[in-house]
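Examination of the molecular architecture
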Amino acid sequence: MAAANRPMMAIVKIETAAGVRNADAIMSVPGVDVGFVGHTDLSVSLGIPGQFAHRDFITARDAVAAACRKHKKAAGCVVGSPLAFWLLAIALREGLDAMRPDPSGRTLTRRSRTSR
């Protein structure tokens, strides 16, 4: 029971154009702590697979971050490549609050190499 009573973090993943359109409503839900952009699926949903520097992707990402800021929630996304890392650095300056390495567990070093 002690574990059941510990504070938890609720992270919602927004990875479709519909999710972006509804980001304000999603992030207004009490108990939601983080809005997490699912970058690959979102880019596919937007019709621009893998184009993370595309204006439409950046606009969608920024809309999620704005909804998070409006509702005083953290915003985040996955970092899975040097390009994604670079884009995340820009996103952090523009309001994202959280990141994690790609699902393989790799992280980027200062020399843009991957390591475990």
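1. So, the confidence of the model for the chain
The predicted model of the chain has a mean per-residue pLDDT of 80, with 75% of residues at 70 or higher. Here residues 105-116 is modelled with pLDDT under 50, and outside its nearest four sequence neighbours on either side it reaches 17 contacts, counting other chains as well.

2. Structural notes on the nonpolar core
With 18 residues, the main nonpolar core has Ile14, Val20, Met27, Val37, Leu42, Phe57 and Val64 as its most contacted residues. For this core, the secondary-structure elements that each account for two or more residues are α2 (23-27), α4 (55-70) and β3 (74-79). Per element, the largest residue contribution to this core is six residues, and it comes from α4. Setting aside anything within four residues of it in sequence, one finds Val64 in contact with Ile14, Val20, Ala23 and Val37.

3. Observations concerning the side chain of Lys73
If you trace the backbone, Lys73 turns up in the loop between α4 and β3. One buried charged residue, Lys73, forms no salt bridge at all, with the nearest opposite charge on Asp33 at 6.4 Å. Reaching out from Lys73, the side chain makes a polar contact with the backbone oxygen of Val32 at a distance of 2.8 Å.

4. With respect to the pattern of salt bridges
Side chains that carry opposite charge are capable of pairing whenever their charged atoms lie near each other. One pass over the full model with this rule turns up four salt bridges. The residue Lys13 makes a salt bridge to Glu15 at a minimum N-O spacing of 3.8 Å. For Lys70, the salt bridge is made with Asp24, and the minimal N-O distance between the two is 3.1 Å. Remark: Asp24 occurs in helix α2 and Lys70 occurs in helix α4; sequence separation between them is 46 residues. Owing to a relative accessible area of 33%, Asp24 belongs among the partly exposed residues under this scheme.

About the cut-offs
- Residues numbered from 1 in each chain as written.
- Predicted model: local features only at pLDDT ≥ 70, side-chain atom pairs only at ≥ 80, totals over all residues.
- Heavy atoms only, no water.
- pLDDT = per-residue confidence, 0-100.
- Contact = heavy atoms within 4.5 Å.
- Core = buried A, V, L, I, M, F, W, Y, C linked by side-chain atoms within 4.5 Å.
- Buried < 20%, exposed > 50% of the residue type's maximum accessible area, 1.4 Å probe, protein only.
- Helix = DSSP H or I, 4+ residues; strand = E, 2+ residues; numbered from the N terminus.
- Lys, Arg positive; Asp, Glu negative; His and termini not counted.
- Salt bridge = Lys/Arg side-chain N within 4 Å of Asp/Glu carboxyl O.
- Polar contact = N/O pair within 3.5 Å; in protein donor to acceptor, adjacent residues only side chain to side chain.

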